[in-house]
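# Results of the structural survey
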Amino acid sequence: MERCFWMPADEKHLITYIENNRAKGGDGLNFDKAFWAQAAANIVQSTTCGAVTTGVAYSSKWARLCATYNIVDRVAQYSGVAWSTDSGANITAESKRLWQI
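Attention here is on the structure that accompanies the text. (Residues numbered from 1 in each chain as written. Predicted model: local features only at pLDDT ≥ 70, side-chain atom pairs only at ≥ 80, totals over all residues. Heavy atoms only, no water.)

## Thoughts on the layout of surface pockets
What the largest pocket holds in volume is close to 340 Å³. Those elements giving two or more residues to the lining of the largest pocket turn out to be helix 1 (8-20) and helix 3 (55-79). The leading source of residues in the lining of the largest pocket is helix 3, at six residues. Split into classes, the residues belonging to the lining of the largest pocket amount to six nonpolar, three polar and one charged. (1 Å grid on protein atoms, 1.4 Å probe; cavity = no way out; pocket = protein on both sides within 12 Å on 5 of 7 lines; lining within 4 Å. Points joined across faces, edges and corners; volume = space filled by probe spheres on them. Helix = DSSP H or I, 4+ residues; strand = E, 2+ residues; numbered from the N terminus. Nonpolar A, V, L, I, M, F, W, Y, C, P; charged D, E, K, R; others polar.)

In structure tokens, the structure reads:
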């Protein structure tokens, strides 16, 4: 059985699809099975490698992306580490040495 393999471009297509159809998920962006099946049908031509992705795979990937985002957001809030959705940790040449071990 071939596995789904997510490249950054694949994740971007998924997020863009969700942004364009966010009203179907309500305030909590909780989408039903029909939404994920439709997402798979619409995004399949954009998949860059790996197995053809199913609605279940898209739903699972979205859950993992949300969990990762929530962890990063909490770390940023409670640690004092600067973080933004636009520039990430905004590591510059000047601040790079602070991140090196």
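## So, empty space enclosed by the protein
Under the defined criterion, the tally for this structure stands at one cavity of 30 Å³ or more. Its volume calculated, the largest cavity comes out at about 70 Å³. Surrounding the largest cavity, twelve residues form its lining, Phe5, Trp6, Asp10, Thr47 and Thr53 being those nearest its centre. The residue inventory of the lining of the largest cavity, partitioned by class, reads seven nonpolar, four polar and one charged.

## As for the packing of aromatic side chains
The full count for this structure, using the stated rule, is five aromatic pairs. Where Tyr17 meets Phe35, the ring centres are 5.6 Å apart and the plane angle is 45°; that geometry is what we call tilted. Of this pair, Tyr17 sits in helix 1 while Phe35 is found in helix 2 (residues 33-43), placing the two residues 18 residues apart along the sequence. Taking relative accessible area as the criterion, Tyr17 reaches 11% and is therefore assigned buried. Ring geometry for Phe35 versus Trp36: centroids 5.0 Å apart, planes at 85°, classification edge-to-face. Accessibility expressed as a relative area gives 5% for Trp36, which makes it buried. (Phe/Tyr/Trp six-rings, centres within 6.5 Å; stacked < 30°, edge-to-face > 60°. Buried < 20%, exposed > 50% of the residue type's maximum accessible area, 1.4 Å probe, protein only.)

## Looking at the pattern of salt bridges
Following the criterion strictly, the structure yields one salt bridge and no others. Here Lys61 ties to Glu11 by a salt bridge, and the two come within 2.8 Å at their closest N and O atoms. Of this pair, Lys61 sits in helix 3 while Glu11 sits in helix 1; the two residues are 50 residues apart in sequence, bridging distant segments of the chain. Accessibility expressed as a relative area gives 10% for Lys61, which makes it buried. (Salt bridge = Lys/Arg side-chain N within 4 Å of Asp/Glu carboxyl O.)

## With respect to the nonpolar core
Formed by 13 residues in total, the largest nonpolar core has its most connected members in Leu14, Ile18, Phe31, Trp36 and Tyr58. Elements supplying a minimum of two residues to this core: helix 1, helix 2 and helix 3. Sort the elements by how many residues they give to this core and helix 2 lands first, with five residues. If sequence neighbours within four positions are ignored, Phe31 has contacts with Ile18, Asn21, Arg22, Lys24, Gly25, Trp36 and Trp62. (Core = buried A, V, L, I, M, F, W, Y, C linked by side-chain atoms within 4.5 Å. Contact = heavy atoms within 4.5 Å.)

## Regarding helix 1
Over its 13 residues, helix 1 extends 18 Å from the first C-alpha to the last, a length consistent with the 18 Å expected when each residue adds 1.5 Å. Listed in full, the buried residues belonging to helix 1 are Asp10, Leu14, Tyr17 and Ile18. One face of helix 1 carries all of its buried residues, which in axial projection span an arc of 100°. When the buried face of helix 1 is taken as reference, the exposed residues oriented beyond 90 degrees from it are Pro8, Lys12 and Asn20. As for helix 1, its buried residues are in contact with helix 2 and helix 3. (Expected span 1.5 Å × (residues − 1). Arc of directions from axis to C-beta.)

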